[in-house]
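Okay, here's what each chain looks like letter by letter:
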Amino acid sequence: HIEVQTGTLIEDVCSMWKARRFVLSDSSLSHNLIGLSEEVRSVFLERQRFDKDTLLTCPTPNVQFSLYDVPRVSRRGEPLDPETGQGLKVLNATTFGSWMQTLDVRHIKGPFGCDSDAGRGKHGQDR
């Protein structure tokens with residue numbers, strides 16, 4: 001079952017350290033906290049948003065990574081309209097959420113493992 005953690009910062013940190021499966025947001029805080037966790041067993045995140053300069057390393061012993069490619073405009077992370085190939089203006093969390101909710105799942109590729117970086121730059125962006 002999926003639980004969205006929305007408590008205080010301390011409650012969120014404690015919850016993350018105890019959990020075994022994570023769907024990570026684009027946040028260095030979440031990547032670093034999970035990198036410190038001894039309980040994590042599964043991690044799901046966008047491959048091109050995976051920041052290799054955090055404490056979360058791929059591969060990690062006893063942790064399965066499922067990395068996904070989501071249509072974006074380079075490392076800047078702007079949403080990409082896969083139908084037109086054009087970047088979309090995201091003005092706030094509401095418009096970004098709308099893009100995520102309406103994105104056709106057929107445009108999301110994966111899952112990929114840690115060893116699937118062929119053709120990708122240091123931070124996972126297309127070359």
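Residues numbered from 1 in each chain as written. Predicted model: local features only at pLDDT ≥ 70, side-chain atom pairs only at ≥ 80, totals over all residues. Heavy atoms only, no water.

**Student:** Tell me about the overall build of the protein chain, and please be specific about residues and values.
**Tutor:** For the protein chain, the count of helices and strands is 3 helices and 7 strands. Here the protein chain holds 127 residues, and the buried ones make up 32% of them. Within the protein chain, residue pairs in contact and separated by at least 24 positions form 35% of the contacts whose partners lie at least 6 positions apart. Carbon and sulfur atoms make up 54% of the accessible area of the protein chain, which totals about 8500 Å². (Helix = DSSP H or I, 4+ residues; strand = E, 2+ residues; numbered from the N terminus. Buried < 20%, exposed > 50% of the residue type's maximum accessible area, 1.4 Å probe, protein only. Contact = heavy atoms within 4.5 Å. Areas by Shrake-Rupley, 256 points an atom, 1.4 Å probe, with all protein chains shown as cover.)

**Student:** With reference to specific residues and values, describe the sheet that holds strand 3 (residues 64-69).
**Tutor:** Spatially, 4 strands are ordered 1-2-3-7 in an open sheet, and the strand pairing comes out mixed. Across the chains shown, the open sheet's two edge strands, defined by having one partner strand only, are strand 1 (21-23) and strand 7 (109-112). The sheet shows a mean angle of 15 degrees between the axes of neighbouring strands, direction not considered. Both strand 1 and strand 2 (residues 42-46) contribute to a ladder of 3 bridges, which runs parallel. Across the sheet, residue Phe22 finds its bridge partner in strand 2, namely Val43. (Pairing = 2+ DSSP bridges. Axes fitted to C-alpha atoms, helices over the stretch in contact; angles between N-to-C directions.)

**Student:** An account of the side chain of Asp12 is requested, with residue identities and associated values reported.
**Tutor:** Locating Asp12 in the fold gives a position in helix 1 (residues 9-18). As a buried residue without a salt bridge, Asp12 has its nearest oppositely charged side chain in Lys18, at a separation of 11 Å. Here Gly7 takes part through its backbone nitrogen, which lies 2.9 Å from a polar atom of the side chain of Asp12. Those residues in contact with Asp12, other than ones at most four positions away along the chain, are Gln5, Thr6 and Gly7. (Lys, Arg positive; Asp, Glu negative; His and termini not counted. Salt bridge = Lys/Arg side-chain N within 4 Å of Asp/Glu carboxyl O. Polar contact = N/O pair within 3.5 Å; in protein donor to acceptor, adjacent residues only side chain to side chain.)

**Student:** Explain the sheet that holds strand 4 (residues 72-73) residue by residue, including any values.
**Tutor:** Read from one edge to the other, the open sheet built from 3 strands follows the order 4-5-6, with strand pairing classed as antiparallel. Where the open sheet ends on each side, the last strands, each with one partner, are strand 4 and strand 6 (86-87). When strand 4 meets strand 5 (residues 78-81), the two strands line up antiparallel, connected through 2 bridges. Among the inter-strand pairings, Val73 is bridged to a residue of strand 5, identified as Glu78.

**Student:** Give me the lowdown on the pairing of strand 5, citing residues and values where you can.
**Tutor:** Relative to strand 6, strand 5 is paired through 2 bridges, and the arrangement is antiparallel. In the sheet register, Leu80 faces strand 6, and the bridge partner there is Gly87. The hairpin turn running from strand 5 into strand 6, its antiparallel successor, is 4 residues long, and Gly85 in that turn takes a positive phi close to 75 degrees.

**Student:** Account for the packing of helix 1 against helix 2 (residues 28-36), naming residues and giving values.
**Tutor:** Here helix 1 crosses helix 2 at 45 degrees, and the two axes come no closer than 9 Å. As judged from the angle between their axes, helix 1 and helix 2 are oblique. When you trace helix 1 past helix 2, the crossing you get is right-handed. Contacts from Leu9, Val13, Met16 and Trp17 of helix 1 reach helix 2 at Leu29, Ser30, Leu33, Ile34 and Leu36. Of the residues that constitute the contact of helix 1 with helix 2, the class distribution is 8 nonpolar, 1 polar and no charged. (Parallel < 35°, antiparallel > 145°, perpendicular 65-115°, else oblique. Left-handed = near helix turned anticlockwise from the far one by under 90°. Nonpolar A, V, L, I, M, F, W, Y, C, P; charged D, E, K, R; others polar.)

**Student:** So what's going on with the nonpolar core? Residues and values would help.
**Tutor:** A general tendency of soluble globular proteins is for nonpolar side chains to be buried together. Leu24, Ile34, Val43, Leu45, Leu56 and Phe65 are the most contacted members of the largest nonpolar core, which totals 14 residues. Elements that contribute at least two residues to this core include exactly helix 1, helix 2, strand 2 and strand 3. Not counting residues within four places of it along the chain, the set of residues in contact with Leu56 comprises Leu24, His31, Ile34, Gly35, Val43, Phe50 and Phe65. (Core = buried A, V, L, I, M, F, W, Y, C linked by side-chain atoms within 4.5 Å.)

Everything listed here is a matter of geometry and, on its own, says nothing about what the molecule does.
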